[in-house]
Amino acid sequence: MKKLALYSIFTLFVGFGVKAQDCETLVKDCEEILKGKQKNFISDGQVYTAFLDREKAEFKTTFFGGTTYRIAATAGTDDEYVIFTVKDLQGTVLFSNRKYKNSNYWDFKVPRTIPVIIETELDMDKKITGCAVMMIGFKR
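One structure accompanies this document, and this report is about it.

Considerations on the side chain of Asp88
Piece 1. As for its position among the elements, Asp88 is in strand S4 (residues 82–88).
Piece 2. Within the structure, Asp88 has its side chain in polar contact with the backbone nitrogen of Gln90 (distance 3.0 Å).
Piece 3. At 2.9 Å, the side chain of Asp88 and the backbone nitrogen of Thr92 are in polar contact.
Piece 4. Sequence-distant contacts of Asp88, defined by excluding residues within four places in its chain, comprise Leu94, Ile114, Pro115 and Ile117.

What follows is the structure in structure tokens.
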């Protein structure tokens, strides 16, 4: 009985360790996407991470007028798994990468300061469960 309990605890911790390690790798990948080939975007310092299983994660932030931003997202290096949707506080969709084959980044400039909600989810046709990482940066 003790062996079964120890095995269960070990399996649980190893499972969490694998998920955490997967997310850490994805953070590095997301940083590269955020910076871009010309390295002209820098992070705002936040890393938005969620382990998704047929669900959405929601993040709130504020975009400041006159600033050029980049949103970068990844859940794996082989395909564009993450769908992200930017909405205003009334729920109006301002942008969704779903219309752009789940592109792993979007560059945009906001004319005025606006608080937004960003929803992230996995494209269920490509990946059902896993870690999703999103970062926001601004142009140097």
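Some points on unusual backbone geometry
Piece 1. Residues other than glycine seldom take positive phi values, yet Lys39 does so here, at roughly 55°.
Piece 2. By secondary structure assignment, the location of Lys39 is in the loop between helix H1 (2–35) and strand S1 (41–53).
Piece 3. For Lys39, a relative accessible area of 41% translates into the label partly exposed.
Piece 4. Here the phi dihedral of Asn102 falls at roughly 55°; this positive angle occurs in a residue that is not glycine.
Piece 5. Within the fold, Asn102 resides in the loop between strand S5 (93–96) and strand S6 (105–109).

Brief notes about the state of the cysteines
Piece 1. Counted according to the given criterion, the structure contains one disulfide.
Piece 2. A disulfide bridge connects Cys23 with Cys131, and the sulfur atoms are separated by 2.0 Å. Negative torsions about the S-S bond denote left-handed disulfides, and the value of about 125° found for Cys23 with Cys131 makes this one right-handed. One end of the pair, Cys23, is in helix H1; the other, Cys131, is in strand S8 (residues 129–139), and 108 residues separate them in sequence. For the pair Cys23 and Cys131, a shared accessibility class is recorded, and that class is buried.

Looking at the packing of aromatic side chains
For any two aromatic rings, the description comes down to two numbers: the centre-to-centre distance and the angle of the planes.
Piece 1. Applying the stated rule across the entire model yields eight aromatic pairs.
Piece 2. Between Phe63 and Phe108 the ring centres are 5.0 Å apart and the planes differ by 70°, which places this aromatic pair in the edge-to-face class. Of this pair, Phe63 sits in strand S2 (residues 56–63) while Phe108 sits in strand S6, placing them 45 residues apart in sequence.
Piece 3. For Phe63, a relative accessible area of 2% translates into the label buried.

Points about the pattern of salt bridges
Piece 1. For the coordinates displayed, the defined rule picks out seven salt bridges.
Piece 2. A salt bridge links Glu119 to Lys56; the shortest N-O distance between them is 3.7 Å. You can see Glu119 sitting in strand S7 (residues 114–122) and its partner Lys56 sitting in strand S2, a full 63 residues away along the chain.
Piece 3. In this structure Glu119 comes out as buried when scored by relative accessible area, which is 14%.
Piece 4. One salt bridge in this structure joins Asp107 and Arg70, with 2.5 Å as the shortest N-O distance.

What counts, and at which threshold
- Residues numbered from 1 in each chain as written.
- Predicted model: local features only at pLDDT ≥ 70, side-chain atom pairs only at ≥ 80, totals over all residues.
- Heavy atoms only, no water.
- Helix = DSSP H or I, 4+ residues; strand = E, 2+ residues; numbered from the N terminus.
- Polar contact = N/O pair within 3.5 Å; in protein donor to acceptor, adjacent residues only side chain to side chain.
- Contact = heavy atoms within 4.5 Å.
- Buried < 20%, exposed > 50% of the residue type's maximum accessible area, 1.4 Å probe, protein only.
- Disulfide = S-S within 2.5 Å.
- Phe/Tyr/Trp six-rings, centres within 6.5 Å; stacked < 30°, edge-to-face > 60°.
- Salt bridge = Lys/Arg side-chain N within 4 Å of Asp/Glu carboxyl O.

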